[in-house]
Amino acid sequence: MQAFHLYLDSADLADLQTCLLHPAVHGVTTNPTLLRRAGITRATLPKLLNTCIKMGARQVQAQVHAADTDGILADAHQLVREFNPGQLVVKIPATRDGLRAGAELSAEGIPVTYTAVYAPEQAHFAAQLGAAYAAPYLGRLEDSGVDGMALIGQMQGLISRSGASTRLLVASVRSRAAYLALLELGVGSITIPPKLFTELFDHQATLDAERGFLADAAALGA
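Here's a quick rundown of the structure. (Residues numbered from 1 in each chain as written. Predicted model: local features only at pLDDT ≥ 70, side-chain atom pairs only at ≥ 80, totals over all residues. Heavy atoms only, no water.)

The subject of this paragraph is the layout of surface pockets. One way to see where empty space is left: roll a probe the size of a water molecule over the atoms. Volume-wise, the largest pocket comes out at about 530 Å³. Considering the residues around the largest pocket, the lining is formed by 25 residues, among which Asp9, Leu34, Arg37, Ser172 and Pro193 are closest to the centre. Every element with two or more residues in the lining of the largest pocket is listed here: α2 (32-38), β8 (189-192) and α10 (194-201). No other element matches α10, which puts four residues into the lining of the largest pocket. Considered class by class, the residues forming the lining of the largest pocket number ten nonpolar, seven polar and eight charged. If you add up the space inside the second largest pocket, you get close to 240 Å³. Forming the walls of the second largest pocket are 15 residues, and the residues nearest its centre are Gln2, Gln156, Gly186, Val187 and Gly188. When contributions to the lining of the second largest pocket are tallied by element, the ones reaching two or more residues are α8 (148-162) and β7 (167-170). The element that contributes the greatest number of residues to the lining of the second largest pocket is α8, accounting for three residues. (1 Å grid on protein atoms, 1.4 Å probe; cavity = no way out; pocket = protein on both sides within 12 Å on 5 of 7 lines; lining within 4 Å. Points joined across faces, edges and corners; volume = space filled by probe spheres on them. Helix = DSSP H or I, 4+ residues; strand = E, 2+ residues; numbered from the N terminus. Nonpolar A, V, L, I, M, F, W, Y, C, P; charged D, E, K, R; others polar.)

Structure representation (structure tokens):
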């Protein structure tokens, strides 16, 4: 059985610093929208991602800026040049050209995430073509009126039956309840904003119990 991968979905280094040293975190996912919000340019992206690796990320993910097959391949090779093999996962929208380019990259041993996965067959193709991850957006699916959890469950079933090592990497996860429901579906990876990390890891009842234990420990003396 595959190990679960938890990612942080952010390009804000200040936010990432509050979570990244934790061993439960596998890596960091970014996309052009997150980069723009954080003021990160294409030129400064490698520095940000290498900083994440130095802080404990085992993998980082960055998206291509091209739409045609040749452009995607050129962009991907430029991105991975700055990293050790396997450290950077290339994110590619699951278009016709994206799937073609991603298949070539996977054959070269470069890990690929097909992103913006909105249909079950896209997850199936990702598994068929040897992708490391297929990334559906739970929150965006639900915003569009779709039962996002049911659709992701269908995607997970297709991937599981394929026998491929591809993991669903569910993004746009907005609540603890959604996170736990995805775990029940057996998804292989989830990427969350740093603010949700705090909600998942800092439970008030546990913190209160810890304070009580520490107070009693202090009262025991040496």
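The next point concerns unusual backbone geometry. Backbone geometry at Ala116 places phi at a positive 55°, although glycine is not the residue there. Secondary-structure assignment places Ala116 in strand β5 (residues 112-117). At Ser172, a residue that is not glycine, the phi angle is positive and equals roughly 55°.

Read around the closed barrel, eight strands run β1-β2-β3-β4-β5-β6-β7-β8, paired in parallel fashion. Each adjacent strand pair in this sheet contributes to an overall mean axis angle of 25°, direction not counted. Those strands touched by helix α3 (residues 45-54) are β2 (27-29), β3 (59-63) and β4 (88-93), and its axis lies near 160° from that of β3. The strands touched by helix α9 (residues 176-185) are β1 (5-9), β7 and β8; relative to β8, the strand with the most contacts, the crossing angle is about 170°. (Pairing = 2+ DSSP bridges. Axes fitted to C-alpha atoms, helices over the stretch in contact; angles between N-to-C directions. Contact = heavy atoms within 4.5 Å.)

It is worth spelling out the side chain of Gln63 at this point. Mapped onto the fold, Gln63 is located in strand β3. On the basis of relative accessible area, Gln63 is assigned to the buried category, the value being 14%. Setting aside its immediate chain neighbours within four residues, Gln63 contacts Asn31, Pro32, Leu79, Lys91, Pro93 and Thr115. (Buried < 20%, exposed > 50% of the residue type's maximum accessible area, 1.4 Å probe, protein only.)

On to the side chain of Thr29. Residue placement: Thr29 occurs in strand β2. The exposure class assigned to Thr29 is buried, which follows from its relative accessible area of 1%. A distance of 2.7 Å separates the side chain of Thr29 from the side chain of Thr191, its partner in a polar contact. (Polar contact = N/O pair within 3.5 Å; in protein donor to acceptor, adjacent residues only side chain to side chain.)

A word on a negative patch on the surface. Where like charges cluster on the molecular surface, the negative patch consists of Asp68, Asp70, Glu104 and Glu108. Residue placement: Asp70 occurs in helix α4 (residues 69-80). On the accessibility criterion, Asp70 (59% relative accessible area) is exposed. (Patch = residues over 30% accessible without salt bridge, like charges linked within 9 Å, V, L, I, M, F, W, Y side chains within 5 Å. Areas by Shrake-Rupley, 256 points an atom, 1.4 Å probe, with all protein chains shown as cover. Salt bridge = Lys/Arg side-chain N within 4 Å of Asp/Glu carboxyl O. Lys, Arg positive; Asp, Glu negative; His and termini not counted. Charge placed at Lys NZ, Arg CZ, Asp CG, Glu CD.)

Attention now goes to the pairing of strand β6 (residues 133-136). Burial along β6 is two-sided: the face carrying Tyr133 and Ala135 and the face carrying Ala134 and Pro136 are both buried. Two elements, β5 and β6, share four bridges in a ladder whose sense is parallel. The partner of Thr113 across the bridge, within β6, is Tyr133. Pairing analysis gives two bridges linking β6 to β7, with the strands arranged parallel. For Tyr133, the partnering residue across the bridge sits in β7 and is Arg167.

This part covers the pairing of β1. For β1, a buried count of five out of five residues is recorded, marking the element as mostly surrounded by other parts of the structure. With burial as the criterion, each face of β1 is covered, one bearing His5, Tyr7 and Asp9 and the other bearing Leu6 and Leu8. Sheet topology note: the β1/β8 ladder contains four bridges and is parallel. For Leu8, the partnering residue across the bridge sits in β8 and is Ile192. Bridge count between β1 and β2: three bridges; the pairing is parallel. Paired with Asp9 across the strands is Thr29, a residue of β2.

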